[in-house]
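What follows is each chain in one-letter form.
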Amino acid sequence: MVDAEQYYTADVMRVTDLNSIFRRVVLGGPGLAGYSSSGHADEWFRFVLPAEGRTEVPPPKIVDGHAVFDEPRPRQRYYTIRAIDPDGPVITVDVMLHGHGAASEWVRAVQPGDQVIMSQSWGRYGPAPDADWELIIADPTGLPAAGRILAELPAGRRAIALLETPGPEARLELESAADLTVHWLDSPDLESGAGRLVEATRDLELPSGPGYVWMGGEQAASRDIRKYFRKELGWPSGRYDIVGYWRPDSEGYLKRYATVQDQVAEIYQRGTAAGQDQEDTLDEALKVLEANNL
Ligand SMILES: Cc1cc2nc3c(=O)[nH]c(=O)nc-3n(C[C@H](O)[C@H](O)[C@H](O)COP(=O)(O)OP(=O)(O)OC[C@H]3O[C@@H](n4cnc5c(N)ncnc54)[C@H](O)[C@@H]3O)c2cc1C
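Residues numbered from 1 in each chain as written. Predicted model: local features only at pLDDT ≥ 70, side-chain atom pairs only at ≥ 80, totals over all residues.

1. Some thoughts on the overall build of the chain
Stated formally: We count a stretch as a helix when DSSP gives it H or I for four or more residues in a row; a strand needs E for two or more, and each element gets its number in order from the N terminus. Every radius of gyration here is taken over C-alpha atoms, with the globule rule written as 2.2 Å times N^0.38, N being the number of residues. Residues with at least 20 neighbouring C-beta atoms inside 10 Å of their own are called buried, those with 12 or fewer are called exposed, and the rest are partly exposed, where every C-beta is derived from the backbone.
When you go through the chain residue by residue, the secondary structure sums to seven helices and 14 strands. Here the chain has a C-alpha radius of gyration of 19 Å; the compact-globule value for 294 residues is 19 Å, and the two agree. For the chain, with 294 residues in total, the buried portion stands at 31%.

Right under this line is the structure:
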């Protein structure tokens, strides 16, 4: 264990190809002792991978109770705990292999016996107690979380899943005791951001009564879907958890984002200090981003 509070060193136990785009990595070993679930079905953690051109991650220093990595900083990438067996613990992660990137390259080459540093987990999924039904929306990056959410739903729970992959050969098997309707979308150009989740969400006939929406997927789609529920349908913030998981050309985006970074940070600092609803703060930040075509 690198840091008792936040970072763990896991051993790669098994690597399996699930289909044309997904590779499953099963992690365990003594370095995961004490790792516990956040309790959220969509829980995620960060893989901590060596900085560009490096082969190792030096252990972080603890500064004011926080783990701080030296420069050049390792590359940290978010992934979902598809399953966690507390006996061990043993953690299963399903990774979509895409063009390039620290995580996909690591997963392409990974072998049983390799080690990786990972953070503790956090999560958001949590339907309002009075929700009669739920809608789960995901592209391939959100599919591992969607699969776990659906697997953990109680028998008879009314649920709709809107799931998108490049084609039928890239789908993952789902298990659920819920009263579940699944809509699969085939979008061959997903990697360039040409998904169809937004229009498909708008086309859905939603059940009556109070509901809950969870989404994990491409940033622009997640923004539009959040706007649809929040602004057009007027849903209050407790009724959805909609999270952007990736964006095309993140390198170009980050360069452009640097021009408004301080402005956005200030919005979040002010919002936190004033105890503002996080969704209201996000609305303010999005105004700045959209005014700058970000
Ligand atoms: C909370 C959360 C949970 C997540 N869970 C999972 C999960 O369980 N499984 C999973 O596969 N992904 C998951 N993701 C998405 C994953 O973190 C990103 O796809 C990540 O950018 C991949 O890192 P990388 O090092 O491979 O690529 P990066 O170095 O981040 O990016 C390299 C290039 O690839 C592009 N890119 C990044 N992701 C994709 C993609 N999916 N398709 C096409 N181009 C891409 C970037 O724009 C950039 O140009 C999750 C993300 C979040 C925020």
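2. Details of the domain arrangement of the chain
As a reminder, the rule being used: Note that the domain bounds were set by an automatic or database domain assignment.
Its domain assignment divides the chain into domain 1 (7-119), domain 2 (133-248) and domain 3 (251-294). For domain 2 versus domain 3, the separation of C-alpha centres amounts to 25 Å.

3. Comments concerning the site of the ligand
This is how the line gets drawn: Defining nearness, a residue is near a molecule or strand when the C-beta atom obtained from its backbone falls within 6 Å of it.
Taken together, 26 residues surround the ligand, and among them Tyr-78, Thr-80, Met-96, Gly-101 and Ser-250 come closest. Lining the shell around the ligand are residues from two domains, each supplying at least three of them: domain 1 (7-119) and domain 2 (133-248).

4. Topic: helix H2 (residues 143-152)
Most of H2 sits inside the fold, with eight of its ten residues counted as buried. Within H2, the full set of buried residues consists of Leu-143, Pro-144, Ala-145, Ala-146, Gly-147, Arg-148, Ile-149 and Leu-150.

5. Brief notes about the environment of Ala-151
For the record, the criterion: Residue pairs are scored as contacts if the distance between their C-beta atoms, which are placed from the backbone, is within 7 Å.
Within the secondary structure layout, Ala-151 lies in helix H2. When the C-alpha positions of Ala-151 and Ala-258 are compared, they lie 40 Å apart, and in sequence the two are 107 residues distant. Filtering out sequence-adjacent residues up to four positions away, Ala-151 remains in contact with Glu-175 and Ser-176.

6. Topic: unusual backbone geometry
A cis amide bond links Glu-71 to the next residue, Pro-72, at an omega of -10°. On the secondary structure map, Pro-72 appears in the loop between strand S5 (66-68) and strand S6 (75-80). The phi torsion at Asp-249 lies on the positive side, around 45°, for a residue other than glycine. With a phi angle near 55°, Asn-293 is a residue other than glycine that sits in the positive phi range. Here Asn-293 is to be found in the segment after helix H7 (278-291). Residue Asn-293 is classed as exposed on the basis of its C-beta count, with 6 C-beta atoms lying within 10 Å.

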